[in-house]
Amino acid sequence: MTVSREIAKSFDLLNPPEGFVEDPFPFYDALLEHAPVLWQPDGSLLLSHHKDLDRIYRDTKLYSSDKTVAFAPKFGKGSPLYEHHTTSLVFSDPPLHTRVRKIMTSALTPRAIARMEPGLIETVDQLLDAMAGKERVDLIEDFASTIPIQIIGNLLDVPMEERGPLRDWSLVILGALEPALTEAQLEAGHSAVREFKTYLEDLVARRRAKPGDPETDVLTRLIRGEGADAQLSETELLQNCIFILNAGHETTTNLIGNGLALLNDYPEARARLLENPDLIQPAVEEILRFRSPNQLGNRETTEAVEIGGEAVPAGTNLHLCIGAANRDPEVFDNPQVFDITRKPNRHLAFAGGPHVCVGLTLARLEGRIALSRFLARYPDYRLLPERVLGGRLRFRGYAELPARLLA
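The residue numbering used here restarts from 1 in each chain and proceeds along that chain's sequence as written. A pLDDT threshold of at least 70 governs which residues receive local features in this predicted model, and a stricter bar of 80 or more applies before side-chain atom pairs are shown or counted, although totals over entire chains, interfaces and linings include all residues. Working from all heavy atoms in the structure, the side-chain values ignore hydrogens and water.

## Topic: the overall build of the chain
Strands here mean DSSP runs of E at least two residues long; helices mean DSSP runs of H or I at least four residues long; both are numbered from the N terminus. Broken down by element type, the chain carries 17 helices and 12 strands. Between the two quantities, the radius of gyration covers C-alpha atoms and the globule rule is 2.2 Å times the number of residues to the power 0.38. Taken over C-alpha atoms, the radius of gyration comes to 21 Å for the chain, in line with the 22 Å a tight globule of 407 residues would show. Principal-axis analysis of the C-alpha atoms gives the chain an extent of 55 × 55 × 40 Å. Think of it in three bands: residues with accessible area under 20% of the maximum for their type are buried, residues over 50% are exposed, and the middle band is partly exposed, with areas taken using a 1.4 Å probe on protein chains only. Here the chain holds 407 residues, and the buried ones make up 55% of them. Counted over contacts in the chain with a minimum sequence separation of 6, partners at least 24 positions apart contribute 73%. All accessibility values rest on the Shrake-Rupley procedure with a 1.4 Å probe; residue burial counts only the protein chains present in the view. As displayed, the chain offers around 17,200 Å² of accessible surface, 53% of which is attributable to carbon and sulfur atoms. The contact definition used throughout considers only heavy atoms, calling two residues in contact when any of these lie within 4.5 Å.

Encoded structure:
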């Protein structure tokens with residue numbers, strides 16, 4: 001599909017053209033060529049160039065992550081979604097961002113992540129065993145979505161029997177970050193935050209009464225803080241627990257699901273990876289670039305700036321089109337080609353600068369282990385025609401990925 005200059009220049013993220021949700025990539029290519037800096041009807045600005053996103057991610061003075069103003073009309077000031085999305089790590093500036101990030105990074109050191117690897121391998125192998133012999137499986141429900149829920153559940157030491165609702169809460173709360181929402185989606189998001197928060201209040205009370213080992217239990221570490229300057233309020237604590245579970249689940253599920261879909265759709269890449277399993281690391285990076293789990297980010301200008309020759313006033317909401325930036329021909333040779341040997345690969349799937357994803361090392365580990373062990377066990381898997389996309393703009397992944405494991 002070829003997208004014209006006229007469609008690119010009239011592109012409206014709140015009212016995307018027909019076909020965009022199903023296949024945004026031709027539209028991204030057109031935006032990069034014809035309208036990499038595009039004013040939106042609501043006064044926001046859509047940005048597609050890699051160099052613009054990279055610069056904005058690194059400059060926290062001119063470009064703020066704080067959403068207390070932007071989210072008030074979207075969610076309603078004081079509402080459950082508003083409280084969550086303005087308190088969590090991803091939509092905050094220092095000093096809150098600094099305090100929470102310090103605690104999380106101290107819990108996700110290379111040594112701590114290395115300790116998680118045996119449990120991750122065990123989880124993946126159990127899921128592979130459970131699928132054996134089935135005529136048909138869903139690679140999202142039966143595999144991709146279960147892995148991060150278990151890993152993040154272990155990280156916060158959520159009892160196994162209490163993990164059932166976590167994925168549904170996560171999908172609804174993150175779904176509320178879509179550019180446009182129905183009233184039903186909005187109310188579902190508010191309800192999910194309320195239910196999740198009620199559950200966490202009880203879990204935190206139990207953990208306060210019986211703390212875990214802060215070396216392995218991130219919830220205990222968050223409760224304890226890292227000195228008086230890092231102590232979190234009760235609201236900050238609860239909302240960032242929701243954030244950890246949400247962020248760790250959605251993006252990693254999409255990474256694994258998108259990877260399995262791409263290796264099905266590009267059999268030469270699958271054959272090459274089977275022949276040389278050491279390519280799994282660059283393969284994961286290319287999956288992250290080619291089908292970024294997170295397609296959109298946001299910032300707000302704190303001062304008047306110039307972007308791509310456009311004068312941009314202070315207080316302008318910027319839509320950072322990660323999915324387009326990762327196809328920018330100024331940075332990537334043959335960006336429309338899925339190349340599991342691509343090097344260098346300066347994708348922005350994990351954002352960048354001070355807000356670079358705090359869990360990127362863990363997500364990469366989950367992706368490498370899940371995909372490599374799946375391929376080793378089921379090298380001849382094939383997807384069935386009824387795959388179902390997640391249907392969202394901000395997050396790119398599958399809701400259902402039916403497959404046969406044996407040819």
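## Some thoughts on the pattern of salt bridges
By convention in these notes, a salt bridge is any Lys or Arg side-chain nitrogen within 4 Å of a carboxyl oxygen on Asp or Glu. Applying the stated rule across the entire model yields 19 salt bridges. When the shortest N-O distance is used, the salt bridge between R364 and E285 registers 2.7 Å. You can see R364 sitting in helix 17 (residues 360-377) and its partner E285 sitting in helix 15 (residues 280-290), a full 79 residues away along the chain. Of the residues examined, R364 reaches a relative accessible area of 22% and is grouped as partly exposed.

## Focus on the packing of helix 7 (residues 110-131) against helix 9 (residues 146-155)
At a minimum axis separation of 10 Å, helix 7 and helix 9 run at an interaxial angle of 145°. In the packing of helix 7 onto helix 9, the handedness of the crossing is right-handed. Along its contact with helix 7, which presents M116, L120, T123, V124 and L127, the element helix 9 presents T146, I147, Q150, I151 and L155. Fitted lines through C-alpha atoms serve as axes, helices being fitted only where they are in contact, and the angles separating the N-to-C directions of these axes extend from 0 to 180 degrees. Crossing handedness is read from the near helix: turned anticlockwise from the far helix by less than a right angle, it gives a left-handed crossing, and turned clockwise, a right-handed one.

## So, the nonpolar core
Residues belong to a common nonpolar core when they are buried Ala, Val, Leu, Ile, Met, Phe, Trp, Tyr or Cys residues joined through side-chain atoms within 4.5 Å. M131, L139, F143, I147, L222, F374 and Y381 are the most contacted members of the largest nonpolar core, which totals 93 residues. Considering every element that reaches this core, the biggest residue donor is helix 13 (residues 234-265), with 13 residues. If we ignore the near neighbours within four places in the chain, the residues touching I147 are L120, V124, L127, I256, E366 and A370. Counting 18 residues, the second largest nonpolar core, distinct from the first, contains A8, F25, L296 and A324.

## Remarks on the sheet that holds strand 5 (residues 296-301)
Note: two strands are recorded as paired if DSSP finds a minimum of 2 bridges between them. What the 5 strands build is an open sheet, ordered 1-2-8-5-3; its pairing is mixed. Two strands in the sheet have a free side with no partner beyond their single neighbour: strand 1 (37-39) and strand 3 (63-64). Two elements, strand 5 and strand 8 (residues 317-321), share 5 bridges in a ladder whose sense is antiparallel. When the bridges of strand 8 are listed, N298 appears paired with H319. Relative to the sheet, helix 3 (residues 50-58) contacts strand 1, strand 2 (45-47), strand 3, strand 5 and strand 8, its axis offset from that of strand 8 by approximately 125°.

## Focus on the packing of aromatic side chains
Ring geometry is summarised as follows: Phe, Tyr and Trp rings, the Trp one being its six-membered ring, pair when their centres sit within 6.5 Å, and such pairs are stacked at plane angles under 30 degrees, edge-to-face over 60 and tilted between the two. Counted according to the given criterion, the structure contains 15 aromatic pairs. With centroids separated by 5.1 Å and ring planes inclined at 85°, the aromatic side chains of F71 and F91 adopt a geometry described as edge-to-face. One end of the pair, F71, is in helix 4 (residues 71-75); the other, F91, is in the loop between helix 5 (80-85) and helix 6 (96-107), and 20 residues separate them in sequence. An identical accessibility class is assigned to F71 and F91; each is buried. Through a chain of ring-to-ring contacts, three or more aromatic side chains come together here, namely F11, F20, F25, F27 and Y28. Stacked on the ring of Y381, the Lys or Arg R270 has its end atom at 4.1 Å from the ring centre. One Lys or Arg, R291, reaches over the ring of F25 and ends 4.1 Å from the middle of that ring. Definition used: whenever NZ (Lys) or CZ (Arg) falls within 6 Å of the ring centre and also within 35 degrees of the ring normal, the charge is taken to sit over that ring.

## Regarding the sheet that holds strand 4 (residues 137-138)
Read from one edge to the other, the open sheet built from 3 strands follows the order 4-12-9, with strand pairing classed as antiparallel. The open sheet has two edge strands with one neighbour each: strand 4 and strand 9 (382-383). Of the strand pairs in this sheet, strand 9 and strand 12 (residues 402-404) are connected by 2 bridges, and their pairing is antiparallel. Residue pairing across strands places R382 opposite R404, the latter belonging to strand 12.

## Overview of helix 9
Across the 10 residues of helix 9, 8 count as buried, placing the element largely inside the fold. Looking at helix 9, one finds that the buried residues are I147, P148, I149, Q150, I151, I152, G153 and L155. Residues of helix 9 that are buried in the fold lie against helix 7, helix 8 (140-144), helix 10 (166-175), helix 12 (218-224), helix 13 and helix 17. Of the residues trailing helix 9, D157 is marked for its positive phi of about 55°.

## Side note on the packing of helix 6 against helix 13
The contact between helix 6 and helix 13 brings their axes to 12 Å, and the two run at 60°. As far as their axial angle goes, helix 13 and helix 6 are oblique. Between helix 6 and helix 13 lies a crossing whose hand is right-handed. For the pair helix 6 and helix 13, the contacting residues are L96, R99, V100 and M104 in the first and E236, N240, F243 and I244 in the second. When residues are grouped by polarity, Ala, Val, Leu, Ile, Met, Phe, Trp, Tyr, Cys and Pro land in nonpolar, Asp, Glu, Lys and Arg in charged, and all others, Gly among them, in polar. Partitioning the contact of helix 6 with helix 13 into residue classes produces 5 nonpolar, 1 polar and 2 charged. Any angle between 65 and 115 degrees counts as roughly perpendicular, while under 35 counts as roughly parallel, over 145 as roughly antiparallel, and the rest as oblique.

Note that all results are geometric; they support no functional claim without further evidence.
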